[in-house]
Amino acid sequence: MARQRKNASETNKETKSRNSSSSNGSSSHKDKIPQPKSIFAYWKQLAFVTVLGVTVVFGVMGYLQTRVNTPYDNKRVTVKTGLQVPDQFWGSYRPGVYFGLKTRDPQSLVTGLMWYFPGRLGPGGDGIRHWCEQSDNLDSYGWQQHDGNTFGIQKIIDGPFKLTTSFVKRLGGDNGGEWTARISAEVLPQYKELVHKDEQISLIWYTALDSETQGFISPTNSNTDITGIRGATSTLGNFKMTLFANEGNVDHESFLSTVAPGLHLLKETVISSLRLAQTDSKSPKRIVLAGEMRSPEDHKKEPNFVATQVTAKLPFSVDVVYESKSVVNRHDKLMGEAYSNALEWHQVRFNQRFEDTFGLKHKGFSEDKIKFAQSALSNMIGGIGYFYGASLVQSFYTEEPVNYWKAPLFTGVPSRSFFPRGFLWDEGFHGLLISQWDLDLQLDIMGYWFDLMNVEGWIPREEILGVEALAKVPKEFVVQRNTNANPPTFFLTLHFILDRYEEDLTNERLEHLERMYPRLQAWYQWFNTTQMGPVAGSYRWRGRDSLTNRELNPKTLTSGLDDYPRASHPSDLERHIDLYCWMAMASNTMARLAYILGRESYSKYKQTANYLMDNELMNRLHWSNFSKRYADYGLHTDDIRLIRPRPLPRQENQNLEMVREVLKQPEYRLVDSVFGYVNIFPFLLQLLDPTSAKLGQILSDIRDPNLMWSNYGLRSLSKTSPLYMKRNTEHDPPYWRGQIWININFLAIKALYHYSGIEGPYQSQAKKVYEELRINVIDNVIKQYYKSGYCWEQYSDSTGEGSGCRPFTGWTALTVILMSERFE
């Protein structure tokens, strides 16, 4: 201490000496004394700092504006596509039309079918079929068998008529191989006495180019009496399509070669070209296509749409043979008997592969139920589409929506008629079935989705790519916002793949997962930061409207459960139990994948998984001791209703839209007066300890007919909930407020299977509920399929009848897994 004091004393002396010298020096050199700066100099500095600050602010703002549409990086997950994967180059990748083929090429030529019955054609082209439309009111349509690769066969029931469309592919050459499509039409046996014996059908087969396809198409009459199509593109090279009558006789044929304004207006182009023609005074008038047709403004443009119409008496069948010039002329064309034999061979092979995969015959299912299961799988596989374009996106930093970068997407669609586009959370459920049929196909689909990730780690929840997809979307749903999430169900798919196929992860598959891993990390991190809740360990869905007075309970579209009742007054202090569970499951999956890939991040994800899967934390955040259930937390009241406002004197003749009236002020609380899907997520995603009394409580509650149980599956909202089957606005009927949804029932049955296999106090209870619920769901979905001709989006909890859109062979097709019991 003495040494420290001495050093301090010496230091003080040295400081005083320096100060003294400085003082003396200043007095002897007065010319070095700084002069006061002028006011102008200060203003110059201030202006410089201001300009610099503004530049920095605008630079940062500009950077933030570009993040929403900046790709994650240029290292794609999908490294092989197009002609690099010849066996998947051509396919039925246009799920939005009843029948059509295209390639996995961004500027693909497209082909497709339209049809109508001349004696039944209505004004304005009413009765012409093209796009899958619910308003067409077809009795049924859908793939009966489809292997996702080489062939498919589809049945369409249009009133008293049955159409069968099929295709078979054959590899060869340098341009993606060849294929033949067959379209057959006949009168159903039960209607033969009611349909005129001379009833005719007009089949229209067309080829079209989009605005960016480099190439040409034109009509041709080579080798057949029916006008065919020839052309060339940069990818396909030279090609031709030839039409041959396979059964029946052609009454007349005509063609159209024109400039269509877009792929979304092909039907309208055909309608505008139809003409009444008569060859002589004795022959009847016929409806024909106009041949070469150009408007004055299009006369300098090359045709981008060529169609051939063939009209014939029923029954009738035509083969469309596509041939590539890169293949040496084959003598064994796929047509007529050769095509029939090839198609039969593929069907036999499909039947065997289906049984080897799902074992339904071995389980004792009847032939009718196996046919349903084959159709459900085939519609899932046959509903995979290839899309190309740019989404419209918006962030907090952009005043107006901006275009995402142009990119392809290979994905299954939930519904060919109503949702013929990609949905992020649906695709995770689709993958549970697709991966069991073709693991590489599912990994490929996931690669395309993760290649759509931006630099923030965000993926748009709906992918609306190309004019055909955009034409089917209401305007208010087009723009995607980068604050909004969707349940990260790809972690569910990935968890299943790692559980079931870990031993089958070849080097090529592991390399695919290696390329995907950084994007999975970024996606996980995006959720873990942007969807954080107000307290540690909690999560909150963004995107709820806190200002609306039109909705009884503001929707939470980002959760995937749309109008499921949450806190009545959205706020930043909400906590959502379902998102908490999704993140716990995602953390566990990331840990599992990191371990398999040998990544150091394994320990980080494992710690997070252990933290979130700790039932004590979950109970502290979400368990209601009063109602004995898990629940959201937020600003809530149940005392609300929709009322019709009283019109002002000048509005007496107006029917004003109903608005929400709050009868009791909300308070912050657990939303435990509600019971339904959201409340059982800890069970659905298997986070509950098998010995937990809360598991027993949930098992008892879901089996209670006054709560969730019905003879057809678990209803989405219990009968005792205040908003059970209540409209959310006067225009919006209930959606997730009582109806039965197969994806959540699948998770419930899967969870019951899990807990029934673990020793514990609730094992036998879980097993009993599992056996009942599984049979209820399977039997009702199949019954409604044969009754209505379709799988449905949802089912009535009171009658079991299908509702919502049809066909819905997205996650409703998970019924196939329920039948096979291949859960793990």
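Cut-off values and rules
- Residues numbered from 1 in each chain as written.
- Predicted model: local features only at pLDDT ≥ 70, side-chain atom pairs only at ≥ 80, totals over all residues.
- Heavy atoms only, no water.
- Helix = DSSP H or I, 4+ residues; strand = E, 2+ residues; numbered from the N terminus.
- Buried < 20%, exposed > 50% of the residue type's maximum accessible area, 1.4 Å probe, protein only.
- Contact = heavy atoms within 4.5 Å.
- Areas by Shrake-Rupley, 256 points an atom, 1.4 Å probe, with all protein chains shown as cover.
- Lys, Arg positive; Asp, Glu negative; His and termini not counted.
- Charge placed at Lys NZ, Arg CZ, Asp CG, Glu CD.
- Pairing = 2+ DSSP bridges.
- Axes fitted to C-alpha atoms, helices over the stretch in contact; angles between N-to-C directions.
- Parallel < 35°, antiparallel > 145°, perpendicular 65-115°, else oblique.
- Left-handed = near helix turned anticlockwise from the far one by under 90°.
- pLDDT = per-residue confidence, 0-100.
- Salt bridge = Lys/Arg side-chain N within 4 Å of Asp/Glu carboxyl O.
- Core = buried A, V, L, I, M, F, W, Y, C linked by side-chain atoms within 4.5 Å.
- Nonpolar A, V, L, I, M, F, W, Y, C, P; charged D, E, K, R; others polar.
- Polar contact = N/O pair within 3.5 Å; in protein donor to acceptor, adjacent residues only side chain to side chain.
- Phe/Tyr/Trp six-rings, centres within 6.5 Å; stacked < 30°, edge-to-face > 60°.

Some words on the overall build of the chain
Now for step 1: Secondary structure assignment for the chain yields 18 helices and 32 strands.
Now for step 2: With respect to the three principal axes, the spread of C-alpha positions in the chain is 125 × 75 × 75 Å.
Now for step 3: Of all 824 residues assigned to the chain, the portion counted as buried reaches 56%.
Now for step 4: Considering only contacts in the chain between residues 6 or more positions apart, those separated by 24 or more positions represent 71%.
Now for step 5: Per element, the accessible surface of the chain, about 36400 Å² overall, is 51% carbon and sulfur.
Now for step 6: Side-chain charges of the chain comprise 93 positive and 91 negative groups, with the mean position of each set lying 6 Å from the other.

Considering the sheet that holds strand β12 (residues 250–258)
Now for step 1: With mixed pairing, the seven strands of this open sheet are ordered in space as β1-β2-β3-β8-β16-β12-β15. Every interior strand has two partners, whereas the edge strands, β1 (90–91) and β15 (291–292), have only one.
Now for step 2: Where strand β8 (residues 200–208) and strand β16 (residues 305–313) come together, nine bridges link them in antiparallel fashion. Pairing of W205 across the sheet is with T308, part of β16.
Now for step 3: The sheet strands contacting helix α3 (residues 266–273) are β3 (110–116), β8, β12 and β16, and the helix crosses β12 at an angle near 115°.

Section: unusual backbone geometry
Now for step 1: Along the chain, L314 connects to P315 via a cis peptide bond; the corresponding omega equals 0°.
Now for step 2: Turning to its location among the elements, P315 is positioned in the loop between β16 and β17 (316–324).
Now for step 3: Along the chain, R806 connects to P807 via a cis peptide bond; the corresponding omega equals -15°.
Now for step 4: Tracing the backbone through its elements, the reader meets P807 in the loop between β32 (802–803) and α18 (815–820).
Now for step 5: The phi dihedral of Q686 is positive, around 60°, even though this residue is not glycine.
Now for step 6: With respect to the element layout, Q686 can be found in the loop between α14 (681–684) and α15 (693–702).
Now for step 7: Take Q686: its relative accessible area is 19%, and that puts it in the buried class.
Now for step 8: The phi dihedral of E821 falls on the positive side, at around 60°, and the residue is not glycine.
Now for step 9: One can find E821 in the segment after α18.

Concerning the packing of helix α11 (residues 577–597) against helix α13 (residues 615–622)
Relative orientation and spacing of two packed helices are given, respectively, by the angle between their axes and the distance between those axes.
Now for step 1: At a minimum axis separation of 11 Å, α11 and α13 run at an interaxial angle of 165°. In terms of their interaxial angle, α11 and α13 are classed as roughly antiparallel. Crossing of α11 against α13: the hand is right-handed. Here I577, Y580 and C581 of α11 come into contact with α13, specifically with L617, M618, L621 and H622.

Observations regarding the confidence of the model for the chain
Now for step 1: Averaged over all residues, the pLDDT of the chain is 92; the fraction at 70 or higher stands at 92%.
Now for step 2: Contacts for the low-pLDDT stretch residues 1–31, under 50 throughout, to residues beyond four places or in other chains number zero contacts.

Describing the pattern of salt bridges
Now for step 1: In the structure shown here, the tally under the stated rule is 40 salt bridges.
Now for step 2: Residue D73 is joined to R519 by a salt bridge in which the shortest nitrogen-to-oxygen separation is 2.8 Å. Of this pair, D73 sits in the loop between α2 (39–67) and β1 while R519 sits in helix α10 (residues 507–530), and the two are 446 residues apart along the sequence.
Now for step 3: Because the salt bridges share partners, they merge into one network encompassing D73, R76, D451 and R519.

A short note on the nonpolar core
Now for step 1: Grouped together as the largest cluster of nonpolar side chains are 207 residues, with contacts concentrated most on W115, W205, F354, F450 and F683.
Now for step 2: Among the elements that line this core, the one with the most residues is α11, at 14 residues.
Now for step 3: Apart from the residues lying within four places of it in its own chain, the contact partners of W115 are Y98, G127, I128, R129, L138, I156, D158, L163, I201, S202 and L203.
Now for step 4: Judged by nonpolar contacts, the second largest core, of 18 residues, contains V110, A260, L274 and M293.

As for the packing of helix α9 (residues 490–501) against α11
Now for step 1: Two elements in contact, α9 and α11, have axes separated by 9 Å at closest approach and are oriented at 40°. When the interaxial angle is binned, α9 and α11 end up oblique. Crossing angle aside, the handedness with which α9 passes α11 is left-handed. Facing α9, whose interface residues are F491, L492, L494, H495, L498 and D499, α11 presents M585, A586, N588, T589, M590, R592, L593 and I596.
Now for step 2: Its residues assigned to classes, the contact of α9 with α11 comprises nine nonpolar, three polar and two charged.

Digging into the environment of S692
Now for step 1: When you line up the elements, S692 lands in the loop between α14 and α15.
Now for step 2: A distance of 3.1 Å separates a polar side-chain atom of S692 from the backbone nitrogen of K694.

Focus: the environment of D797
Now for step 1: Take D797: it is sitting in the loop between β31 (794–795) and β32.
Now for step 2: When the C-alpha positions of D797 and M708 are compared, they lie 9.1 Å apart, and in sequence the two are 89 residues distant.
Now for step 3: Non-local contacts of D797, meaning those with residues more than four positions away in its chain, are made with S710, Y712, R715, Y724, G738 and I740.

Examining the packing of aromatic side chains
Now for step 1: A complete count under the given rule lists 56 aromatic pairs for this structure.
Now for step 2: Note on W179 and Y322: the rings are 5.2 Å apart at their centroids and 10° apart in plane angle, and the pair reads as stacked. Of this pair, W179 sits in strand β7 (residues 178–187) while Y322 sits in strand β17, and the two are 143 residues apart along the sequence. With respect to burial, W179 and Y322 carry one shared label: buried.
Now for step 3: Summarising the aromatic geometry, the rings of F450 and W523 are spaced 5.3 Å apart at their centres and angled 90° between planes, so their arrangement reads as edge-to-face. Within this pair, whereas F450 is found in helix α7 (residues 439–450), its partner W523 is found in helix α10, the two being separated by 73 residues in sequence. Across the pair, W523 and F450 agree in class, each one buried.
Now for step 4: Cluster of aromatic residues (ring-pair linked, three or more members): F89, W90, F99, W143, F167, W179, W205, F239 and Y322.

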